[in-house]
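# Architecture at a glance
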Amino acid sequence: MPEKLLNTKLATKEYRTLSQIKGPLVFVERVADVAYDEMVQIIDPDGNPRVGRVLEIDGDMAIIQMFLGTEGLDISRTGVRFSGDVVRLKVSPSMLGRILNGMGEPIDGGPDIVPEKLEDINGSPINPAVRNEPKEFIQTGVSTIDGLNSLARGQKLPIFSGSGLPGNELAAQIASQARVLSDEKKGDEPFAVVFAAIGITHRESSFFIEHFRSSGALDRTVVFLNHADDPTIERIMTPRAALTTAEYLAYTHDLHVLVILTDMTNYCEALRELSVAREELPGRRGYPGYMYSDLASLYERAGRIKGKKGSVTQLILLSMPDDDITHPIPDLTGYITEGQIVLGRGLHQKGVFPPVDVLPSLSRLMKEAIGKGHTREDHQSVADQIYSFYAEGRELEKLVAIIGEASLTEQDQRILNFSKRFEQEFINQGTENRSIEQTLALAWELLSMFPKEYLKRIPEDMIEKYYKG
Amino acid sequence: MQPGRKFILKVKVMEAVSKECGIINRISGPVVGVSGLEEVRLHDMVWVGDAKLVGEVIRMSGTQATIQVYEETSGLKIGEPIWGTGHPLIAHLGPGLMGQIFDGLQRPLNKLAEVEGNFLQRGVSENSLSQDKKWQFTPLVKEGDHVQAGNILGEVPETQSIMHRILVPPNLTGRIVEVKAGDLTIAEPIVIIEDDQRKINTINMEQIWPVRTPRPYKRRLDLAEPLVTGKRVIDMFFPIPKGGSAIIPGGFGTGKTVIQQSLARWSDVDVVVYVGCGERGNEMAEVLMELPELEDRVKGIPLINRTVLIANTSNMPVAAREASIYLGITIAEYYRDMGYDVLMLADSTSRWGEALREVSGRLEEIPGEEGYPAYLSSRLAEFYERAGHVDCLGNGEDKPYAGHREGSVSLVGAVSPPGGDFSDPITQSSMRITGVFWALDYELSRKRHFPAINWIKSFSLVDLSRWFGDNIEEDFPKLVQEAKSILGRENELLQVVQLIGQEALSDMEREILNISKLLREDFLQQSSIQDIDAFSSLEKSYWMLKVILEYHKKTQEALAAGIELNAITNLPVLQRIARMKEIDVEKAVPELKRLIGKIDDDLTSLISNWETENA
């Protein structure tokens, strides 16, 4: 029952003036005193309540979006009650360790959640003036991320995956290995994971839950599950419920929260379905024109606030349809998030795990989170140098495919060898958990294939210090 | 130019008198329908509903009107009233702007954080500028002076770097009746002027201006001087003049924001207005944390003293994105009128265009290309044309308050085309209007070649070669042209290499590839992170280029003499060219000149040795 977790302060007045039911939308006429965006309860002909929200009001007609579908509703016997308030989620630290559905109701057979507070699921924008710059390095144990695309606390970093690529496996690995370097000094800082499954299969969700269980993190995790066979429109709610919970845990209970949203492609499709039902003008590939703003209203809920101990870090998974990075979903996501980790099919086919294609990958907050005092002084220049060589190596690979290796210069040959070893040793780490020192040591081992004078991106004093001659 | 006169006087009367003038009858996201409308004009600002949300009238039909609401409309109900303010959307101008961070409606975000906490609430109205703070006002006029619009009434030291000049409001002419001096708030009268109609005008330090109306000036001046950004590829290859406009289009991750931030930091202007329009909150936080720490390169004063920030992040209300752009340009023009060179950075104009599209869609207008409204390009043109180098109003007389003043507003807009495809309507429309185009390239950014400005696709239509020739070195324009043609030649040669391999090239041709690699890696690439390289003066940039081309010339000579290319590239001097960036800006010119000497010596001796051996 949705009302178990959602606010149920309902007006006694029940309208029975439905005029139209269309897809996930219900049109009600002759209503008064209705507020935009307020929560609505619809009572189906059998007397069961369902939750919706007001999408538009025109004179005395209101358009209501139903989260759990409109099957079984009718025009004459269906009742409508307005709550007078926006949709709110019951939040409490006792949600940790629980499994909830996409609307936030327990589905693990346990007791109801006793709320500490009712929070607006849409949240409010953080005042940019109170944001704290994310600059604490998170060690994920994955070399391609730690070494080349470092993650910082309060960052939002998506993984652009594709059908058949191990995006979920990488996300799960990060979730269980992630830790802040200074932890040794401060002792373990309290953390939590909020996991939102959006339209994923039962197989995928049980993979994650099993992973959390085996790594012992399940007690510190809130799981929201909307499976592929659950109502589509509920997916609009799932990430919002998850982020509302995360914000509450972070800013009220001082936890460092890692939010995993998977798979945002399913969310965007639900958004498109809703937009089509409203007969809105479609934008690119039929997705609504406001998808950028809508996604931003989710992704921007990551961050740190001055004077608050907790933080919200987002790890977002999405599948690029047809591996197309210019598709509106990865495209708009990339414009909002602070970088992206892109998985490559070519690497996956070579058996490389995790198959992170580092060239299109990026972390925008890296430069603040690394270097002296964070990781190591040479970190940035090592990363730059690796990028430069590897990019050249990939070009050369293409060239060699056409004209053969015979015409390569000595340096070209070195670069080509470097590229191969880089993929096989640096990227292809399997499930090993590497410290940042191990990652940088490996990087220097590879860079030392080159004579010193070729390391143009690295200052001379650091070459002297770290070069393995 | 005569906008604004009636307006200024009218606002004074109307501001206090907001009256109920309509009833809400439709709500769809940020668009609200109103009936029973009275005494409201198109583009007037209104208060919407009991929460008093800020809105603007965007369409009228009989007594029906459509209002664009600049705040989240959740909870708004049918039947709630609308109040008219009697004036359009305005900016509050006066001392206290510098170092502030505002939202798109000019609400002071620091102040809001104190009042309402960490999350933004709706409808809370705080004064844009502090009403209590005392400013030290030193008048330049005295009783009996006859002043006209734009004359300087007096000066206020606003920050360490900005002397704020209080001007006679546009289109007011008259005689000074009374003058005050000393520590005053912006609300207190400083000067009383009796205008030509014998009407008394009380002037205080806070003035208002409608954001959609360009501020007047005397006349436009030529764009003849470059805005030095410290980025080699910009300053040398595609310079922007002071008073010019440029766009930086690029897909995500190509470095738009980094370039904008480094322009904010290093450009040789007096004032920077940075508008974060629909972008990331964490990036604004980064700018906010850095600016007080970073110092002006010349004066050594923290940059926050010359910067105004406007933040309307992507999760803040959509409609206010549009307002934020206009607010920014109005503040920029205000400082221009004081005689300053102002740089306005807008990141990103695409988000503004998308806001137009969203509102247009809700108004059910017939969409143009890609769903954008048909008026997209005219809006963009109006905006970019507010850039310029001008002769300020009220100058040119031999009086202390009317001395010569020129000011400029330079505009740099980031564009975020979908999928990085420059054929999108915003990129195309902006490109036609602005004279400078810095095309960011996905391939370059993948190789971590930053700034990822593509040297083939970018252009600067403004010819500044005369200025460079006069002020730096005579052969400056020629040198740049030579470098560009080498890079163009590289492009052709690479196509050959792709087909048949490097072996097919002659030594002369392979030398071109080597030189263009030097140009790309040791000249065009520039770090924004490493301090030593982040700013390159025009002199340093010029001499770096000179070094590479000098090396090119001598290598060609050696090749012509019959020496093999490998023998030349093995010379250790090449490694020194690769380290040019690490030379301190102050010492760069003599050091680079010495390097040229070294190149000359090494190659000349190589040639003569070879000649003696083969004689």
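Keep in mind that this is a model prediction, so the values were computed, not measured. (Residues numbered from 1 in each chain as written. Chains lettered and ligands numbered in written order. Predicted model: local features only at pLDDT ≥ 70, side-chain atom pairs only at ≥ 80, totals over all residues. Heavy atoms only, no water.)

## A few points about the confidence of the model for chain B
Definition in use: Note on scores: pLDDT gives the predictor's confidence for each residue, bounded by 0 and 100. In this description, contact between two residues means that some pair of their heavy atoms is separated by no more than 4.5 Å.
This prediction gives chain B a mean pLDDT of 90; 97% of its residues lie at or above 70. Taken together, the stretch residues 1–16 of chain B has pLDDT below 50 and engages in 30 contacts with residues farther than four places along the chain or on a different chain.

## Regarding the packing of helix α12 (residues 410–427) of chain A against helix α13 (residues 436–447) of chain A
Residues and elements named next belong to chain A. What counts here: Helix axes are fitted to C-alpha atoms over the stretch in contact, other axes to C-alpha atoms as well, and angles between N-to-C directions run from 0 to 180 degrees. Comment: elements are numbered from the N terminus, with helices defined as DSSP H or I runs of at least four residues and strands as E runs of at least two. What sets the label is the angle itself: under 35 degrees gives roughly parallel, over 145 gives roughly antiparallel, 65 to 115 gives roughly perpendicular, and the rest give oblique. Left-handed describes a crossing whose near helix is turned anticlockwise from the far helix by less than a right angle; the clockwise case is right-handed. As a working rule, the residues Ala, Val, Leu, Ile, Met, Phe, Trp, Tyr, Cys and Pro are called nonpolar, Asp, Glu, Lys and Arg charged, and the rest polar, with Gly in that last group.
With their axes 10 Å apart at the nearest point, α12 and α13 run at an angle of 160° to one another. Between α12 and α13, the angle is such that the two are roughly antiparallel. Crossing of α12 over α13 shows right-handed handedness. On α13, the residues touching Phe418, Arg421, Phe422, Glu425 and Phe426 of α12 are Thr439, Leu442, Ala443, Glu445, Leu446 and Leu447. The residue inventory of the contact of α12 with α13, partitioned by class, reads seven nonpolar, one polar and three charged.

## Side note on empty space enclosed by the protein
What counts, and what does not: Put simply, the grid is 1 Å and covers the protein atoms alone, a cavity is a trapped set of points that fit a 1.4 Å probe, a pocket is an open set with protein on both sides within 12 Å along at least five of seven lines, and lining residues have an atom within 4 Å of a point. Grid points are joined across faces, edges and corners, and a volume is the space filled by probe spheres set on the points.
The tally for this structure, following the rule as stated, stands at ten cavities of 30 Å³ or more. Taken as a whole, the largest cavity encloses approximately 180 Å³ of empty space. If you trace the largest cavity, you find 17 residues lining it, with A:Arg284, A:Gly289, A:Leu332, B:Glu354 and B:Arg357 closest to the centre. Secondary-structure elements contributing two or more residues to the lining of the largest cavity are α7 (291–299) and α8 (328–336) of chain A together with α7 (349–362) of chain B. Its boundaries defined by the atoms lining it, the second largest cavity holds a volume of some 110 Å³. In this structure, the second largest cavity is lined by B:Gln261, B:Ala264, B:Arg265, B:Tyr274, B:Val287, B:Glu290, B:Leu291, B:Leu294, B:Leu303, B:Thr307 and B:Leu309.

## A look at the sheet that holds strand β15 (residues 189–195) of chain B
Residue and element names in this part refer to chain B. We apply this condition: Here, strands pair whenever DSSP counts at least two bridges between them.
Read from one edge to the other, the open sheet built from four strands follows the order β10-β13-β15-β16, with strand pairing classed as antiparallel. Lying at the two open borders of the sheet, with one neighbouring strand each, are β10 (146–147) and β16 (200–204). Relative to β15, strand β13 (residues 174–179) runs antiparallel, the two sharing five bridges. Each residue of the ladder has a partner; that of glycine 174, found in β15, is aspartate 195.

## A word on the packing of aromatic side chains
All names here are of chain A. The line we're drawing: In this scheme Phe, Tyr and Trp rings, the latter by its six-membered ring, pair at centre separations within 6.5 Å, and the angle between planes marks the pair as stacked below 30 degrees, edge-to-face above 60, and tilted otherwise. Under the scheme applied here, a residue whose accessible area is under 20% of the maximum for its type counts as buried, over 50% as exposed, and between as partly exposed, the area being computed with a 1.4 Å probe on protein chains only.
Scanning all chains against the criterion turns up 28 aromatic pairs over all chains. A ring pair is formed by phenylalanine 422 and phenylalanine 426, whose centres lie 5.1 Å apart and whose planes are at 20°; its orientation type is stacked. Linking phenylalanine 422 with phenylalanine 426, this pair stays in helix α12, spanning four residues, or about one helical turn. Across the pair, phenylalanine 426 and phenylalanine 422 agree in class, each one buried.

## A word on the pairing of strand β12 (residues 163–167) of chain B
Residues and elements named next belong to chain B. Of all the five residues making up β12, four are buried; the element is thus mostly covered by neighbouring parts of the structure. Sheet topology note: the strand β11 (residues 152–157)/β12 ladder contains five bridges and is antiparallel. By the bridge assignment, glycine 154 is partnered in β12 with isoleucine 166. Where β11 folds back onto β12 in an antiparallel hairpin, the turn is made up of five residues.

## Focus on the interface of chain B and chain A
Basically, it comes down to this: The quantity reported as buried area is the accessible area (1.4 Å probe) lost by two parts once they are put together, taken as the sum for both. Here, a salt bridge means any side-chain nitrogen of Lys or Arg that lies within 4 Å of a carboxyl oxygen of Asp or Glu. What qualifies as a polar contact is a pair of N or O atoms within 3.5 Å, subject to a donor-acceptor requirement within protein and to the restriction that residues adjacent in sequence count only when both atoms come from side chains.
At the interface, 76 residues of chain B touch 81 residues of chain A. The contact between chain B and chain A buries some 6,500 Å² in all, and 52% of this surface belongs to carbon and sulfur atoms. Our count for the chain B to chain A interface comes out at eight salt bridges. Close ionic contact of B:Glu283 with A:Arg364 constitutes a salt bridge, the shortest N to O distance being 3.8 Å. There are 33 residue pairs in polar contact (both at pLDDT 80 or more) connecting chain B and chain A. Mapped onto the side of chain B that touches chain A, the elements with two or more residues apiece are β1 (19–28), α2 (109–116), α5 (281–290), α7, α10 (442–446), α12 (476–500), α13 (507–524) and α17 (573–578) of chain B. The biggest single contributor to the side of chain B that touches chain A is α5(B), with nine residues. Grouping the constituent residues of the side of chain B that touches chain A by class yields 26 nonpolar, 26 polar and 24 charged.

## Side note on helix α6 (residues 264–277) of chain A
All names here are of chain A. Heads up, the rule is: Given the number of residues in a helix, its expected span is that number minus one, multiplied by 1.5 Å.
When the terminal C-alpha atoms of α6 are compared, their 20 Å separation across 14 residues agrees well with the 20 Å that a helix rising 1.5 Å per residue should span. Judged by how many residues are buried, α6 sits mostly within the fold: ten of 14 residues are covered. What α6 keeps buried is the set Met264, Thr265, Asn266, Tyr267, Cys268, Ala270, Leu271, Leu274, Ser275 and Ala277. Looking at where α6 begins, the residue whose side-chain oxygen comes 2.8 Å from the main-chain nitrogen of threonine 265 is aspartate 263.

## Concerning the side chain of B:Asn204
All names here are of chain B. Structurally, asparagine 204 is set in strand β16. Accessibility expressed as a relative area gives 17% for asparagine 204, which makes it buried. A distance of 3.5 Å separates a polar side-chain atom of asparagine 204 from the backbone oxygen of isoleucine 186. The residues touching asparagine 204, leaving out its near neighbours within four places in the chain, are Ile166, Ile186, Ala187, Glu188, Pro189 and Ile190.

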